[in-house]
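Residue-level structure breakdown
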Amino acid sequence: MPSTQSDASSPPPGAPYYLLNFERALAWLAERYDDVFGADERLFLNAFSRLPQASRALLVRMLMRKGTLFRASRLNYDEIGCSRQAAAPLIALGWIDDAPQLSLDELFGLATRPELLQIFANIPLRKDCRKSDLRDALQATYDTARPYRMWNPHSADCVFDVTIAPLCERLRLMFFGNLHQDWTEFVLADLGVFQYEAVAFAPSSRAFQQRADVDGYLALHACGEALDTLAEGASVEPIVAEIAAIETGNAWLDMRRAKLLFRIGQHCERRQDWDAALAVYAGCLWPGARHRHMRVLERSGQFEAALTAALQAADAPGSEEERQRVARMLPRLQRRLGQPVARAAGARAIERSALVLSRPTAPCSVEYAARDSLSSPQAPVHYVENALINSLFGLLCWEPVFAALPGAFFHPFQRGSADLHAPDFQARRAVQFDACLAQLDSGAYRATILRHLESKAGRQSPFVFWGMLTPELVAQALDCLPAAHLKLWFERLLRDIRSNRSGLPDLIRFWPAERRYELIEVKGPGDRLQDNQIRWLEYCAQHGMPVRVLDVRWADEVQIDGAEAAA
């Protein structure tokens, strides 16, 4: 697809920007998805192009708004004119229903409180009652849906229901490969709010390879919505059965299925429905499902089965996270069953120190308070948390991260590759990543990072935190962070991107004159280290990196504790 910015510079006379963008998307889909389209999609594309501009614009305006129900009187757009006149061709095609059956809740969503008081003027209601109270008072009496003109016979207004919306949602899914992005992406890109890397993907690049893939995605999405709205105490079995019946044959959709099953397992755990949770986790391939299965065995009193599963996982852990959790779980199970407790290999000790500070007069996080206390002109301290190391990685490895491989990029508004969290993400780009990391051995990495810092500034990336990066911070980092340490961090990131992009220490302190640094994890009163933080701290300590935990306490609390101890 050509650049949205260049196309927008010379639109057809009178063509609204949003309509032009929607038509670009349809052209993009027609070029790439003809073999996946059904008769309905082809009919829509053909009929849409023949509609008057006002009708096309009205439909797109409604598609860009929330919901499918709209009052004609509130569809006021200068470029469209009379909404009823513009809607007439859409009604004739059956794409809009101008007399939909409205439930009481739907009516309340469309009408203001004064209008509702007028509609139900014959009902004895308090004039000062809230809209929600008004609805509750009417719920039992008005339980039948009816057209707007029957709800409000004295109004000349009407309500439009966009019945073509599900088909257009399907087209939106096919374009973006997801349902969380919408047509406003075009507008935000035109305005420069978001900038995306220009990936030279082939015309054949697309999110779905066959119609069944689109059907499978939508079916899984519907199951997720059913889980979100599941009534208290209702069984998950119908949803699980529905998921099992969805055939995909697509590795990407299989992972979406696994993630949804993991969510269902968590839902069952919260309800303490152990049998259902065990059944779901047993067939789930989402990372962490095996550990959750062990925990449910333990929580349901099946200690021997839990120990057997934990020992198997300890022999072949699926990740650092699972190794950590199983190591914590095994002694507990062994003690419970009266078995000898195997002594785990001790992790390298993490340096820990304390800092007492005056409580800030203005609201301030403990991390910022510690940063300001520690920082000096000779040794500046920056609050970076996960941002700095991820950003340096993203700047060095920009090309492999945005490599146009099959199934990675399929539309112009992607922040990152669609397979970013796939198990083979690194393996598919191994040659490119190896070439980037080799620059850390040759010294060429500095020029690459600085070049991308300038040439890619502001472009969306799953790794680069542009709002945090400053020339001063990057310069200090490149001067003070040894290339060998950067390489170790980057290699760990690539081993498990999903887990290892977070958990890095809060602060970094530089000594520019000495070209050295220190990582500092800040913990306030009552705060404790999270598992992913422990894994990063242990990794850094294992490789001889300067890292410590700083326990911050407020001076007024220390004084109170001291006074109580003296008493």
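Residues numbered from 1 in each chain as written. Predicted model: local features only at pLDDT ≥ 70, side-chain atom pairs only at ≥ 80, totals over all residues. Heavy atoms only, no water.

Once that is clear, we can look at unusual backbone geometry. Of note in this structure, Gln272 is not a glycine but carries a positive phi near 55 degrees. Residue position: Gln272 is located in the loop between α14 (251-270) and α15 (274-282). (Helix = DSSP H or I, 4+ residues; strand = E, 2+ residues; numbered from the N terminus.)

Turning our eyes to something else, we now look at the pattern of salt bridges. The tally for this structure, following the rule as stated, stands at 42 salt bridges. One salt bridge in this structure joins Glu197 and Arg459, with 2.7 Å as the shortest N-O distance. Of this pair, Glu197 sits in the loop between α11 (184-190) and α12 (211-228) while Arg459 sits in the loop between α24 (445-455) and α25 (471-480), placing them 262 residues apart in sequence. Residue class for Glu197 comes out buried when judged on its relative accessible area of 12%. (Salt bridge = Lys/Arg side-chain N within 4 Å of Asp/Glu carboxyl O. Buried < 20%, exposed > 50% of the residue type's maximum accessible area, 1.4 Å probe, protein only.)

Time to look at the nonpolar core. If you look at the biggest cluster of nonpolar residues, it comprises 113 residues, and the most contacted ones within it are Phe44, Phe48, Leu388, Leu481, Trp489 and Phe490. Broken down by element, this core gets its largest block of residues, 8 residues, from helix α10 (residues 165-176). Apart from residues no more than four positions distant in its own chain, Phe44 is found in contact with Phe22, Leu26, Leu59, Trp95, Ile164, Leu167, Cys168 and Leu171. Core analysis: the next-biggest nonpolar cluster, separate from the first, contains 35 residues, Cys223, Ala289, Met294 and Leu333 among them. (Core = buried A, V, L, I, M, F, W, Y, C linked by side-chain atoms within 4.5 Å. Contact = heavy atoms within 4.5 Å.)

A separate point is the pairing of strand β7 (residues 516-523). In terms of burial, β7 is largely enclosed, as 7 of its 8 residues are buried. Two elements, strand β6 (residues 507-511) and β7, share 5 bridges in a ladder whose sense is antiparallel. Pairing of Leu507 across the sheet is with Ile520, part of β7. Between β6 and β7, which pair antiparallel and follow one another directly, the connecting turn spans 4 residues, one of which, Arg515, has a positive phi of 55 degrees. Bridge analysis of β7 against strand β8 (residues 547-554) gives 5 bridges, and the strand direction is parallel. Residue pairing for β8: Glu521 is matched across the bridge by Val549. (Pairing = 2+ DSSP bridges.)

Take the sheet that holds strand β1 (residues 69-71) next. Sheet strands pair by backbone hydrogen bonding; their relative direction is either parallel or antiparallel. Reading across the sheet, the 3 strands line up as β1-β3-β2 and stay open at both edges, with antiparallel pairing between neighbours. Each edge of the open sheet is held by one strand with a lone partner, namely β1 and β2 (96-97). Bridge analysis of β1 against strand β3 (residues 159-162) gives 3 bridges, and the strand direction is antiparallel. Bridging across to β3, Leu69 finds its partner in Asp161.

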